[in-house]
Amino acid sequence: MSEKRISMVEKSNNKRQRVNQVPKFSINDHHDVLVEILRRLDGPSLCSAACVCRLWSAVARNDSIWEELCFRQVSPRPSLSLRSVVSALGGYRCLYFFCIRPVLARLPKLRWTRDQLQLSLSLYCVHYYERLYVGAWLGDAPPAPPSSLMFLRKPVNVV
Amino acid sequence: MKRGHGETWDPPPASRSGEGPSMADKKKVADDNNNNNMDDELLAVLGYKVRSSEMAEVAQKLEQLEMVLSNDDVGSTVLNDTVHYNPSDLSTWVESMLSELNNPASSDLDPTRSCVDRSEYDLRAIPGLSAFPKVEEVFDEEASSKRIRLGSWCESAGESTRSVVVVDSQETGVRLVHALVACAEAIQQENLNLADALVKRVGTLAASQAGAMGKVATYFAQALARRIYRDYTAETDVTVGSSLEEVLQMHFYDSCPYLKFAHFTANQAILEAVATARRVHVIDLGLNQGMQWPALMQALALRPGGPPSFRLTGIGPPQKENSDSLQQLGWKLAQFAQNMGVEFEFKGLAAESLSDLEPEMFETRPDSETLVVNSVFELHRLLARSGSIEKLLNTVKAVKPSIITVVEQEANHNGIVFLDRFNEALHYYSSLFDSLEDSYSLPSQDRVMSEVYLGRQILNVVAAEGSDRVERHETVAQWRIRMKSAGFDPVHLGSSAFKQASMLLSLYATGDGYRVEENDGCLMIGWQTRPLITTSAWKLAGGGESRR
């Protein structure tokens, strides 16, 4: 959609008349602004936002949004080298879904320090390694999903 | 005193419906049972023959019977069949009742409730009752040495055996344990016939017991049977056995936190030891699937100052022909390291026993690298042959590592006396199975495979002997002595390791059951009150070299 819309309005006498409309601002035209807004959301809201439409779902896959969500409470902020490590392991979005969200659900009052961060990353590592390298070796075809993090899931929950 | 006529009796309560017809039968017993002049006169009038000398004994047994039958559980099972005994000879009747109730076959209900009226109160007045005299043991045909405990109403502590009836269904678990221990005792005393009978009984009891107790008992019963028949053969094909072992250990890794705890705490100790090193060389005495190392590589990658170069030497069992699983594992780890941005080098060593290793095989570069030796559940196997553990520890000393991380089971399964080993193992694996049982959110395959993994250990502890018995677990106190005498000093695991371990355990749904303890620098993970796995760290004694 273009900024300025010139809409045609039908008049009763079947003559069309040009009317200058106030330019509508659509957030969908500004993905960077959308990203900035989504970065400030909390987990459930962000997940709801990702279900709004295909465009928003695609925008919500931007990993920086999830990075913000993961480490909002961590202080001091982890170093930038963490970004390359986490992207290699599958990205912040997966980290959030597999590790951070279940941990927060299990321990809502958790204070995020270095040790807790280190543990979450270790678990994420194990999950990644098991998914890529061990599943096929165990002889399952197709490989069963790695179950090293199953203990984080509630019995009825489907992440 | 009431005369016994079936019609004058009140209708029995519904739960004792079997009583009605049998009562009628009894009441028709003739009155003239005065053959024996020693019989109690009052009871004789009612039609019961009881010798005066036996009165106290019979009274006590009757009281026991009454308590048993008033419990609903037993009452309902007893009602299934009615077998009519002649109750006029009270003492033998009561004995047969008690012995019948020990096997859940049923018999007549308590006839004394309704019929012995005033006389019953007379019996109670006999002072002998309050002293709980000894009663002879009720003999079960198979379990002649089985001890059975008194029901809950007895408070005095008896010295010797008492005849009891088990009233509580929860106590079938206790019966199971007693039967297992009795069987082990029989084996200890070389009474193999008795042991054979007992182990069959354990099998049937275990099959009817649901839950962790039943599973543990089944594994122990199988192991005991193998021991009785001397049917333990170590797996001749080492490669098949070891690959199965790796699969099972993977499931064990996924299903419970013990191995994760071990890996994460060992990794934390290693991280602290190599904090300033530029090149790190880790020797893993039991590589398995290398699950420990991705997390370490990731932590090294995030180290402030950048990652060191990481070299891994993994030791595994001898390889089958045309397969080089160690090398493939090395490739996987190398790919992972590349993703992490960590410089990586791998070498695989195949050795049938760790004592075959020589220092030269590791090709260490003492001038440039910091060496770490890691062992998870590997050291105890060497205790099977004398001299092996000393040789390995000498080899380890020769390569001069900065830190040695050791993870071992916290149990004494290496005693000389079989019975002690058996009891220890029973408690240890019961705790382990208990912890598995509670994790209901697991995929069932993981849990089953973990139980098989533990079952193999049970089989080895119980049935194997000599150099076949490799699961020779020892407690951390014993390992401390051993390591100190070999020339190693303990390194205290830091608080970071403790915090990570605590958080890991709190993530488990059954987090209340798991416990982390710190024991003089070592970290132990346990279930409820029982420590199960210990992580410890060691360094060379006496003025270590400066770390590079």
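Residues numbered from 1 in each chain as written. Chains lettered and ligands numbered in written order. Predicted model: local features only at pLDDT ≥ 70, side-chain atom pairs only at ≥ 80, totals over all residues. Heavy atoms only, no water.

### What to know about the pairing of strand β9 (residues 530–540) of chain B
Residue and element names in this part refer to chain B. As a reminder of what qualifies: When accessible area is computed with a 1.4 Å probe and restricted to protein chains, residues below 20% of their type maximum are described as buried, those above 50% as exposed, and intermediate ones as partly exposed. Secondary structure elements follow DSSP: runs of H or I of four or more residues count as helices, runs of E of two or more count as strands, with numbering from the N terminus. Strand pairing is defined by DSSP finding a minimum of two bridges between the two strands.
Within β9, nine of the 11 residues are buried, leaving the element largely enclosed by the surrounding structure. Summarising the sheet, strand β5 (residues 403–409) and β9 pair through six bridges and their orientation is antiparallel. Considered in β9, the bridge of Q409 is made with I533. Pairing analysis gives four bridges linking strand β6 (residues 488–491) to β9, with the strands arranged antiparallel. Across the sheet, D489 pairs through a bridge with K539, a residue of β9. Two successive antiparallel strands, strand β8 (residues 522–527) and β9, enclose a turn made up of two residues, where Q528 displays a positive phi of approximately 55°.

### Examining the interface of chain A and chain B
We apply this condition: Note on contacts: a residue pair qualifies if any of its non-hydrogen atoms lie within 4.5 Å across the two residues. Note: buried area is the sum, over both parts, of the accessible area (probe 1.4 Å) each one loses when the two are combined. By definition here, a salt bridge exists when the distance from a side-chain nitrogen of Lys or Arg to a carboxyl oxygen of Asp or Glu is within 4 Å. Contacts described as polar in this section are N or O atom pairs within 3.5 Å, which, within protein, must combine one atom able to donate a hydrogen with one able to accept it, while residues neighboring in sequence count only if both atoms come from side chains. Three classes are used: nonpolar for Ala, Val, Leu, Ile, Met, Phe, Trp, Tyr, Cys and Pro, charged for Asp, Glu, Lys and Arg, and polar for all others, with Gly counted as polar.
On the chain B side, the residues contacting the 33 residues of chain A number 36 residues. Across the chain A to chain B interface the summed buried area is about 3400 Å²; carbon plus sulfur atoms make up 69%. At the junction of chain A and chain B, the tally comes to zero salt bridges. Linking chain A with chain B are two residue pairs in polar contact (both at pLDDT 80 or more), by the criterion used here. Elements with a contribution of two residues or more to the side of chain A that touches chain B: α5 (81–89), α6 (91–106) and α7 (114–134) of chain A. For the side of chain A that touches chain B, the leading source of residues is α7 of chain A, giving 15 residues. Classifying every residue of the side of chain A that touches chain B by side-chain character gives 22 nonpolar, seven polar and four charged.

### Some points on unusual backbone geometry
All names here are of chain B. At E363, a residue that is not glycine, the phi angle is positive and equals roughly 50°. Along the chain, E363 falls in the loop between β3 (344–350) and β4 (370–376). According to the relative accessible area criterion, E363 is partly exposed, its value standing at 47%. Phi angles above zero are rare outside glycine, and Q528 is one such case at about 55°. With respect to the helices and strands, the residue Q528 is situated in the loop between β8 and β9. On the basis of relative accessibility, which here comes to 39%, the residue Q528 falls in the partly exposed class.

### What about the nonpolar core?
This is how it is decided: In this text, buried Ala, Val, Leu, Ile, Met, Phe, Trp, Tyr and Cys residues form a nonpolar core when linked through side-chain atoms within 4.5 Å.
L95 of chain A together with F220, Y258, F310 and Y429 of chain B are the most contacted members of the largest nonpolar core, which totals 147 residues. Per-element accounting of this core gives the leading share, 11 residues, to α7 of chain A. Apart from the residues within four sequence positions on either side, Y429 of chain B is in contact with V216, F220, H413, L454, Q457, I458, V461 and H473 of chain B. Counting residues in each nonpolar core, the second largest holds 26 residues, with I315, L382, M483 and L540 of chain B among its members.

### Section: the confidence of the model for chain B
Detailed conclusions should not be drawn from predicted coordinates in areas where pLDDT is low. All names here are of chain B. Here is the rule we go by: pLDDT expresses how confident the predictor is about each individual residue, on a scale running from 0 to 100.
On average, residues of chain B score 76 in pLDDT, and 72% of them reach the 70 mark or higher. Note on residues 104–169: pLDDT under 50 across the span, and 140 contacts to partners over four residues away in sequence or across chains. Reported confidences for the modelled complex are a pTM of 0.70 and an ipTM of 0.75.

### Considerations on the packing of α5 of chain A against helix α14 (residues 325–340) of chain B
To describe two helices that pack against each other, one gives the angle between their axes and the distance between the axes. Worth spelling out the cut-off: A fitted line through C-alpha atoms represents every axis, and for helices the fit uses only the stretch in contact; the resulting angles, taken between N-to-C directions, go from 0 to 180 degrees. Just so you know how the angles are binned, under 35 degrees is roughly parallel, over 145 roughly antiparallel, 65 to 115 roughly perpendicular, and the rest oblique.
The N-to-C vectors of α5 of chain A and α14 of chain B enclose an angle of 140°; their axes lie 8 Å apart at closest approach. The orientation of α5 of chain A relative to α14 of chain B falls into the category oblique. Between α5 of chain A and α14 of chain B, the contacting residues are V85, A88 and L89 of chain A on the first element and F336, N339 and M340 of chain B on the second. Looking at side-chain class alone, the contact of α5 of chain A with α14 of chain B contains five nonpolar, one polar and no charged residues.

### Description of the packing of aromatic side chains
Definition in use: Centres within 6.5 Å are what make two rings of Phe, Tyr or Trp a pair, Trp counting through its six-membered ring; a difference in plane orientation under 30 degrees is then read as stacked, over 60 as edge-to-face, and the rest as tilted. Here, a charge over a ring is recorded when the distance from Lys NZ or Arg CZ to the ring centre is within 6 Å and its angle to the ring normal is within 35 degrees.
According to the stated counting rule, one finds 16 aromatic pairs over all chains in the structure shown. The interplanar angle of 50° and the centroid separation of 5.7 Å between the aromatic rings of Y128 of chain A and F336 of chain B together place this pair among those described as tilted. Remark: F336 of chain B occurs in helix α14 and Y128 of chain A occurs in helix α7; the pair is interchain, linking two chains. Since its relative accessible area comes to 6%, Y128 of chain A is described here as buried. Clustering of aromatic rings is evident, with ring pairs tying together F220, F418, F422, Y428 and Y429 of chain B. The residue whose ring lies beneath R227 of chain B is F418 of chain B, and the NZ or CZ to ring-centre distance is 4.0 Å. The lysine or arginine in question, R482 of chain B, covers the ring of W479 of chain B, its NZ or CZ lying 5.5 Å from the ring centre.

### Section: the pattern of salt bridges
All names here are of chain B. Within the structure shown, the criterion is met by 19 salt bridges over all chains. Between E451 and K215 there is a salt bridge, with the nearest N and O atoms lying 3.1 Å from each other. Placement of the pair is E451 in helix α17 (residues 444–463) and K215 in helix α10 (residues 212–228), with a sequence separation of 236 residues. Judged by relative accessible area, which is 7%, E451 ranks as buried. Of the charged contacts in the structure, one is a salt bridge between R456 and E245, with a shortest N-O distance of 2.9 Å. On the criterion of sequence distance, the pair formed by R456 in helix α17 and E245 in helix α11 (residues 238–255) is long-range, its members being 211 residues apart. The exposure class of R456 is partly exposed, given its relative accessible area of 22%. The structure contains a network of salt bridges with shared partners spanning R227, R421, E465 and R469.

### Considering the environment of V50 of chain B
Tracing the sequence through the fold places V50 of chain B in the loop between α2 (41–46) and α3 (55–70). By relative accessible area, which is 1% here, V50 of chain B ends up buried.

### Focus: helix α9 (residues 192–208) of chain B
Residues and elements named next belong to chain B. What counts here: Here, expected helix span is obtained from the residue count minus one, scaled by 1.5 Å.
The end-to-end C-alpha distance of α9, which contains 17 residues, comes to 25 Å, matching closely the 24 Å that a straight helix rising 1.5 Å per residue would cover. Of the residues making up α9, those classed as buried are L194, A195, D196, L198, V199, R201, V202, L205 and A206. Next to the buried residues of α9 lie α8 (171–188) and α10.

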